[in-house]
Amino acid sequence: MKIVIPDDYQDCVRHLDAFARLAGHEVAIFNDTLSETDALAERFHDAEALVLIRERTPITAELLARLPRLRVISQTGGGAGHVDLAACRRHGVTVMTGSGSPQAPAELTWALVLAARRQIAAEAANLKAGRWQRTLGSGLHGRTLGIFGYGRIGRLVARYGQAFDMKVLVWGRDGSRRRATEDGLAVAAGQDDLFARSDVLSLHLRLNEGTRGIVGAEQLARMKPDALLVNTSRAQLIAPGALEAALTAGRPGQAAIDVFEEEPVTAHPLLDLPNLLATPHLGYVEKDSYELYFGDAFDNLLAFIDGQPVTNLAG
């Protein structure tokens, strides 16, 4: 089968142990990113299967209409919101999803918390430039860790906070509040209360129409001037332009983010702000995580090729 894997930014997929499972198939891997439909249609024209790396490549109805040979899409991870599933059904394209793990994004979240609070990136750069101790960091012991969305990742981050003797405060939908209560954690009186009381506030919500822009200027303005906002989930959870304005105004005093509205990013207004720490969407980009994601995606694809029943259809 002719298989195409787009958007492999680091050229790492062919080096994974899981990649050996595709031996005997014709596999094309691309390391750059295309966004124009014409360019994508040309690149995918001969593909019978696509293996997509998370949400990096949107699959639209317009694109699908120009891919007559495409039979199957095997998605890394469990989300397929970037794929027009109705159009796939109309064109007879099977879409399969896999599983994921909360460990890698939770660990990255905590790395950002520590790096931002202790000014690690700035001080490392200072040291290499011959400058000694130019900032004064802030500790975590006894501070309040706010968790907005208490799912698999949020629960792990809360546990990390407890290990640092932080007070954990949770807000989210009914399920988040119920799980937090069952785990013996404090539940905020509401979203505004969560933002006002947190010294470190970490977002762990799924992106959907109900959560898009759920964090706006009003909520950010309630944060303490020495608070840290962390977003390793989705950039679109924050209203457009709200974080830039809030950081410029000084509430919160810091932010650490791993996600942007459009990726990959080469320039962005946030990157010019001195009180922002940013990483290039590294949350799930880790060796063990990739072996899991791609192992599932390749196994699903091979099962489809072998004519086995498909049990993990998207949607």
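Quick notes on the rules
- Residues numbered from 1 in each chain as written.
- Predicted model: local features only at pLDDT ≥ 70, side-chain atom pairs only at ≥ 80, totals over all residues.
- Heavy atoms only, no water.
- Core = buried A, V, L, I, M, F, W, Y, C linked by side-chain atoms within 4.5 Å.
- Buried < 20%, exposed > 50% of the residue type's maximum accessible area, 1.4 Å probe, protein only.
- Helix = DSSP H or I, 4+ residues; strand = E, 2+ residues; numbered from the N terminus.
- Contact = heavy atoms within 4.5 Å.
- Phe/Tyr/Trp six-rings, centres within 6.5 Å; stacked < 30°, edge-to-face > 60°.
- Lys NZ or Arg CZ within 6 Å of the ring centre and 35° of its normal.
- Pairing = 2+ DSSP bridges.
- Axes fitted to C-alpha atoms, helices over the stretch in contact; angles between N-to-C directions.

J.: Explain the nonpolar core to me, please; I cannot follow it from the model alone.
T.: Most often, soluble globular proteins have nonpolar side chains that are buried together. Core analysis: the largest hydrophobic core is formed by 26 residues, its most contacted members being Phe-148, Leu-194, Phe-195, Leu-220, Leu-229, Ile-238 and Leu-243. Broken down by secondary-structure element, the contributors of at least two residues to this core are β7 (167-171), α8 (191-197), β9 (200-203), α10 (242-249) and β11 (254-257). Broken down by element, this core gets its largest block of residues, four residues, from α10. When residues no more than four places from it in sequence are discounted, the contact partners of Phe-195 are Phe-148, Leu-201, Val-215, Gln-219, Leu-220, Arg-222 and Met-223.

J.: What exactly am I supposed to notice about unusual backbone geometry here?
T.: The phi torsion of most residues other than glycine is negative, and most of the peptide bonds are trans. Across the junction of Arg-251 and Pro-252, the peptide omega takes the value 5°, indicating a cis bond. Structurally, Pro-252 can be placed in the loop between α10 and β11. Geometrically, the link from Glu-263 to Pro-264 is a cis peptide bond, its omega value of 0° lying close to zero. Note on placement: Pro-264 falls in the loop between β11 and β12 (276-278). The residue Gln-119 is not glycine, and still its phi comes out positive at about 55°. Within the secondary structure, Gln-119 sits in the loop between α4 (103-117) and α5 (120-128). By relative accessible area, which is 27% here, Gln-119 ends up partly exposed.

J.: Help me understand the packing of aromatic side chains, please; the structure alone is not making it clear to me.
T.: In this description, an aromatic ring pair is defined by two values, namely the gap between the centres and the angle between the planes. Taken as a whole and assessed by the stated rule, the structure comprises eight aromatic pairs. Aromatic pair Tyr-284 and Tyr-293: ring centres 5.9 Å apart, planes at 80°, arrangement edge-to-face. This pair shows no difference in class: Tyr-284 is buried, exactly as Tyr-293 is. Members of the aromatic cluster, connected to one another through ring pairs, are Phe-19, Tyr-284, Tyr-290, Tyr-293, Phe-294 and Phe-298. Seen from the ring of Tyr-284, Arg-54 lies directly overhead, with NZ or CZ sitting 4.6 Å from the centre. Between Arg-56 and the ring centre of Tyr-9, over which it is positioned, the NZ or CZ distance is 3.9 Å.

J.: Is there a simple way to explain the sheet that holds strand β10 (residues 228-231) in this structure?
T.: Strand pairing within a sheet occurs via backbone hydrogen bonds; the two strands may be parallel or antiparallel. Strand order in the open sheet made by the seven strands is β8-β7-β6-β9-β10-β11-β12, with parallel pairing throughout. The open sheet has two edge strands, β8 (186-187) and β12, and neither has a second partner. The sheet contact formed by strand β6 (residues 144-148) and β9 spans four bridges and is parallel. The residue bridging Gly-146 from the neighbouring strand is Leu-201, located in β9. Together, β6 and β7 form the strand contacts of helix α6 (residues 152-163), whose direction differs from that of β6 by roughly 175°.

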